[in-house]
Amino acid sequence: MNRRALLKAFALALSGRVLAQPACTPTPALAQGPYYLAQVPRRRDLREGEGVPLRLLLRVQDRACRPLVGVRVDLWHADPFGRYSGFNTPGVAFRGYELAGPQGEVEFLTHFPGWYPGRTPHLHLRVEGRGRVLVTQLFFPEEVIEAVYARPPYRTRGLPNVRNRQDGLFRADLLLDPKPEGEGYGAVFSLTL
């Protein structure tokens, strides 16, 4: 093999390696909604009152799938009765933020969210760091919603009046895959800035 052919083969092999590097698809942005509060406590445990426990592990990464350390992740959602603290009720229940650790991970302990007219149960997230902001929402599978809403205190209100596919903001690529965990559920989701 002559030098020119060898260099060409090496360049092709090198370009193939560059193309083969993992690439993470950016997480879709969704409406922040009217219930965001910037001044909330830094805390992992957002649980207050009764409800079905939910442990949420979020992995924050860049588009090359590298962990993003130190970015701020805010989580907020309605209480089991569909009310947002700071708007429908006083205080900062079911609201808080954490900073991503060495592996780009943030974990929250909360309760399964309630529903309110016109929306399916969902979680709000705001991720800020490295000069970028991502605002999005996460959703739950219908079978999990049905199981949770058969339990107190959710069953007093019944099932949501809007299913996932009827919610104008629902996206299947923002659907959590919660697994039973103790008395509640646990879920893991990757967020890509």
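Structure: above.
Residues numbered from 1 in each chain as written. Predicted model: local features only at pLDDT ≥ 70, side-chain atom pairs only at ≥ 80, totals over all residues. Heavy atoms only, no water.

Participant: Quick question: what am I supposed to make of the sheet that holds strand β5 (residues 122-129) here?
Facilitator: Hydrogen bonds between backbone atoms are what pair the strands of a sheet, whose relative direction is either parallel or antiparallel. The 4 strands are arranged β3-β2-β5-β6 in an open sheet whose pairing can be described as antiparallel. With one partner strand each, in any of the chains shown, β3 (95-99) and β6 (132-139) form the two edges of the open sheet. Looking at each pair of strands side by side, their axes are set apart by 20° on average, direction ignored. Where strand β2 (residues 72-76) meets β5, 5 bridges bridge the pair, whose relative direction is antiparallel. Looking at β5, one finds that Arg 72 is bridged to Glu 128. (Pairing = 2+ DSSP bridges. Helix = DSSP H or I, 4+ residues; strand = E, 2+ residues; numbered from the N terminus. Axes fitted to C-alpha atoms, helices over the stretch in contact; angles between N-to-C directions.)

Participant: I would appreciate a short explanation of the pairing of β5 in the present structure.
Facilitator: Residues in a regular strand project their side chains so that they alternate between the two faces of the sheet. Among the 8 residues in β5, 7 count as buried, and that is most of the element. In terms of strand pairing, β5 meets β6 through 8 bridges, oriented antiparallel. Considered in β6, the bridge of His 122 is made with Phe 139. Taking the residues that link successive antiparallel strands as the turn, the β5-β6 hairpin has 2 residues, and the phi of Arg 130 there is positive, at about 60°. (Buried < 20%, exposed > 50% of the residue type's maximum accessible area, 1.4 Å probe, protein only.)

Participant: Help me out: how do you make sense of the environment of Leu 75 in this one?
Facilitator: Its location among the elements puts Leu 75 in strand β2. For the pair formed by Leu 75 and Leu 56, sequence separation is 19 residues and the distance between their alpha carbons is 10.0 Å. Leave out the neighbours within four places in its chain, and Leu 75 touches Leu 46, Leu 56, Phe 94, Arg 95, Gly 96, Phe 108, Thr 110, Leu 123, His 124 and Leu 125. (Contact = heavy atoms within 4.5 Å.)

Participant: Explain unusual backbone geometry to me, please; I cannot follow it from the model alone.
Facilitator: Backbone phi values are negative for most residues with the exception of glycine, while trans is the configuration of most peptide bonds. The residue after Pro 152, namely Pro 153, is reached through a cis peptide bond having omega 0°. Even without glycine at this site, Cys 65 takes up a positive phi of about 70°. Under the relative-accessibility criterion, Cys 65 is labelled partly exposed at 26%. The backbone of Arg 130 shows a phi angle near 60°, a positive value even though the residue is not glycine.

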